[in-house]
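Examination of the molecular architecture
Now for the letters of each chain:
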Amino acid sequence: MWNSHCVLSVIMLLLYMRPNWAADVVPCQHSSESSEECRTYCYKVVKPLLQYFHISSANQERFHKQEIAYKEQQTKLAEQQEALKKSDKLKDSLISEKDKRIDDLGKRIIDLDKKLGAGVEAQKETLKKNEQLQAKVNELQTQLKVQQEALKKSEEQENSLLSEKDKRIVDLDKRIANLKEQMNDMNKNKQFEDKLIKFVDRAEWTSLMPYGNDFQTITLPGAKAFQVPFVSNLPGWVVIQRRMDGSVNFNRTWEEYKNGFGNQRGEFWLGLEKLHLMTRYWPHELYIQLEDFNNDKRYARYSNFRIGSEAESYALISVGEFAGNAGNALQNNKVEWRHIYMRFSTPDRDNDNFAYFNCAADYASGWWFNKCFRFNPNGLYVRTNTDQQHDQAIRWLEWQDRPLKFVQMMIRPTNS
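It is worth spelling out the packing of aromatic side chains at this point. Counted according to the given criterion, the structure contains 22 aromatic pairs. Arranged with centres 5.6 Å apart and planes meeting at 10°, the rings of Tyr-287 and Tyr-299 form a pair that is stacked. With Tyr-287 in strand β6 (residues 284-292) and Tyr-299 in strand β7 (residues 297-307), this pair connects stretches of sequence that are 12 residues apart. Tyr-287 sits in the buried class, given a relative accessible area of 17%. Centroid distance Trp-367 to Trp-368: 5.0 Å. Interplanar angle 65°. Geometry classified as edge-to-face. The residues Trp-367 and Trp-368 share a single accessibility class, namely buried.

Shown next as structure tokens:
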């Protein structure tokens with residue numbers, strides 16, 4: 001019976017632990033045992049259960065709190081993970097941006113290295129060019145000294161020649177005076193007078209000859225020594241071209257005009273390379289003598305004659321200011337007729353301004369042709385009537401369009 005009471009007590013305790021436990025309570029039917037014994041026995045039986053339930057309840061409550069704390073920790077952990085993801089993304093973005101900046105800086109450093117290298121190379125090249133220029137300056141100074149010495153010797157020779165010619169003139173004057181005196185002594189003998197007049201005329205014609213037979217050897221930087229003809233009665237003037245009788249063919253190649261050809265005692269062309277070297281190191285003036293078949297004479301004079309190198313096709317770089325009575329053929333007002341600034345042309349090398357034919361080939365000569373010329377000193381030598389025209393002849397069109405009988409071009413250094 002006691003056991004049944006105890007069981008009943010346990011059931012009641014379990015019901016107490018359930019919701020709505022009151023509805024499940026069954027009225028206790030007391031047995032005949034004493035109530036105290038029942039309680040004592042039940043207490044002994046139920047105490048461990050009570051303790052268990054108490055502990056279990058406490059454990060459940062603690063577990064519930066731990067579960068809540070665990071969920072809170074999970075939430076915080078999720079938030080932290082989300083924050084870490086954002087932080088990782090931000091870090092990745094910053095790292096990517098820094099990588100780009102590093103790449104850009106690397107490229108800029110490479111570009112700066114290249115520019116620095118190029119600058120260093122350019123500086124080295126500039127220093128090298130400066131050294132080369134200094135070497136050229138030193139060479140030119142040496143060459144200038146040599147040329148000055150040569151000019152000094154030339155002047156001394158000219159002075160010597162002038163002194164000799166002055167002596168010859170004085171001697172001729174004395175001879176003429178003696179002849180006149182003899183003529184007076186012979187009471188103006190007609191035969192002797194005629195002889196004297198012929199002698200005087202011959203002496204005067206010789207002194208006024210437009211070309212002579214004086215020669216001098218000159219040396220210039222970049223060329224071997226070469227011989228040039230000087231005008232007998234015009235000190236310092238070097239003849240560079242002459243036409244007088246048609247004895248020399250001027251329909252020549254580029255190489256021939258470059259090196260020169262003809263007979264320096266008669267018709268000839270001195271040579272473009274020599275003219276370039278002569279006018280390169282010292283300013284020269286140009287003097288052109290003209291004569292037609294009526295024996296009319298004209299001249300043209302230019303203050304600064306200079307031509308370029310072969311690499312520049314021996315261009316007529318400068319002629320300077322014009323003076324004379326023949327007309328300014330080299331610097332015509334019309335651009336297409338000017339010879340100034342034109343490159344030299346020959347039948348085998350066309351440098352004129354005509355697109356459809358070669359002036360040099362058409363006019364059988366070499367010259368600074370444009371479209372085509374106002375002066376052609378190297379054209380065909382045409383012996384013709386004075387009123388007859390010939391397109392390929394030697395002509396100075398600022399004076400007349402008929403052929404010329406005589407042309408001589410001369411240059412000499414100027415003081416400027």
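And the narrative resumes.
Once that is clear, we can look at the environment of Val-231. Take Val-231: it is sitting in the loop between β2 (226-230) and β3 (238-243). According to the relative accessible area criterion, Val-231 is buried, its value standing at 3%. Distance from Val-231 to Met-410, taken between C-alpha atoms, is 8.5 Å for residues 179 residues apart in sequence.

With that settled, consider the pairing of strand β12 (residues 404-413). Of all 10 residues making up β12, 7 are buried, and the element is well covered by its neighbours. With 5 bridges joining them, β3 and β12 adopt antiparallel strand pairing. Directly across from Gln-241, in β12, lies its bridge partner Met-409. When β6 meets β12, the two strands line up antiparallel, connected through 9 bridges. From the neighbouring strand, Leu-286 faces β12, where its bridge partner is Ile-411.

The next subject is the nonpolar core. Formed by 59 residues in total, the largest nonpolar core has its most connected members in Trp-269, Leu-286, Ile-288, Leu-290, Trp-368, Phe-375 and Trp-396. Beyond its immediate sequence surroundings of up to four residues, Trp-396 is in contact with Ile-288, Leu-290, Ala-300, Tyr-302, Ala-326, Gly-327, Ala-329, Arg-374, Phe-375 and Leu-404.

A word on the pattern of salt bridges. Scanning all chains against the criterion turns up 10 salt bridges. Note that Glu-267 and Arg-243 form a salt bridge whose closest N and O atoms lie 3.7 Å from each other. Here Glu-267, found in the loop between β4 (261-262) and β5 (268-269), pairs with Arg-243, found in strand β3; they are 24 residues apart in sequence, far enough to count as distant. Glu-267 sits in the buried class, given a relative accessible area of 0%. In this structure Arg-243 comes out as buried when scored by relative accessible area, which is 2%. Glu-256 is the partner of Arg-252 in a salt bridge, and the nearest nitrogen-oxygen pair spans 3.0 Å.

Let's shift gears to the side chain of Glu-285. Relative to the helices and strands, Glu-285 resides in strand β6. The class of Glu-285 is buried, set by a relative accessible area of 12%. Within the structure, Glu-285 has its side chain in polar contact with the side chain of Arg-301 (distance 3.0 Å). A distance of 2.8 Å separates a polar atom in the side chain of Glu-285 from a polar atom in the side chain of Arg-412. Leave out the neighbours within four places in its chain, and Glu-285 touches Trp-237, Arg-301, Tyr-302, Ser-303, Phe-305, Met-410, Ile-411, Arg-412 and Thr-414.

Buried residues dominate β3, accounting for 6 of its 6 residues. Of the strand pairs in this sheet, β3 and β5 are connected by 2 bridges, and their pairing is antiparallel. Paired with Gln-241 across the two strands is Trp-269, which belongs to β5.

On average, the chain scores 80 in pLDDT, and the residues at 70 or more come to 79%. Note on residues 21-31: pLDDT is under 50 here. Beyond four places in sequence and across chains, it has 12 contacts. Taken together, the stretch residues 192-212 has pLDDT below 50 and engages in 29 contacts with residues farther than four places along the chain or on a different chain.

Below, the discussion takes up the environment of Val-239. As for its placement among the helices and strands, Val-239 is situated in strand β3. Note on Val-239: relative accessible area 1%, which makes it buried. Along the chain, Val-239 and Gln-408 lie 169 residues apart, while their C-alpha atoms are 7.2 Å from each other. Non-local contacts of Val-239, meaning those with residues more than four positions away in its chain, are made with Pro-229, Val-231, Phe-268, Leu-270, Gln-408, Met-409 and Met-410.

Next up on the list: the side chain of Ser-313. Looking at where Ser-313 falls in the secondary structure, it is placed in the loop between β7 and β8 (316-318). Once residues lying within four places of it in the same chain are set aside, the contact partners of Ser-313 are Trp-254, Arg-343, Phe-344 and Asn-351.

Rules and cut-offs
Residues numbered from 1 in each chain as written. Predicted model: local features only at pLDDT ≥ 70, side-chain atom pairs only at ≥ 80, totals over all residues. Heavy atoms only, no water. Phe/Tyr/Trp six-rings, centres within 6.5 Å; stacked < 30°, edge-to-face > 60°. Helix = DSSP H or I, 4+ residues; strand = E, 2+ residues; numbered from the N terminus. Buried < 20%, exposed > 50% of the residue type's maximum accessible area, 1.4 Å probe, protein only. Pairing = 2+ DSSP bridges. Core = buried A, V, L, I, M, F, W, Y, C linked by side-chain atoms within 4.5 Å. Contact = heavy atoms within 4.5 Å. Salt bridge = Lys/Arg side-chain N within 4 Å of Asp/Glu carboxyl O. Polar contact = N/O pair within 3.5 Å; in protein donor to acceptor, adjacent residues only side chain to side chain. pLDDT = per-residue confidence, 0-100.

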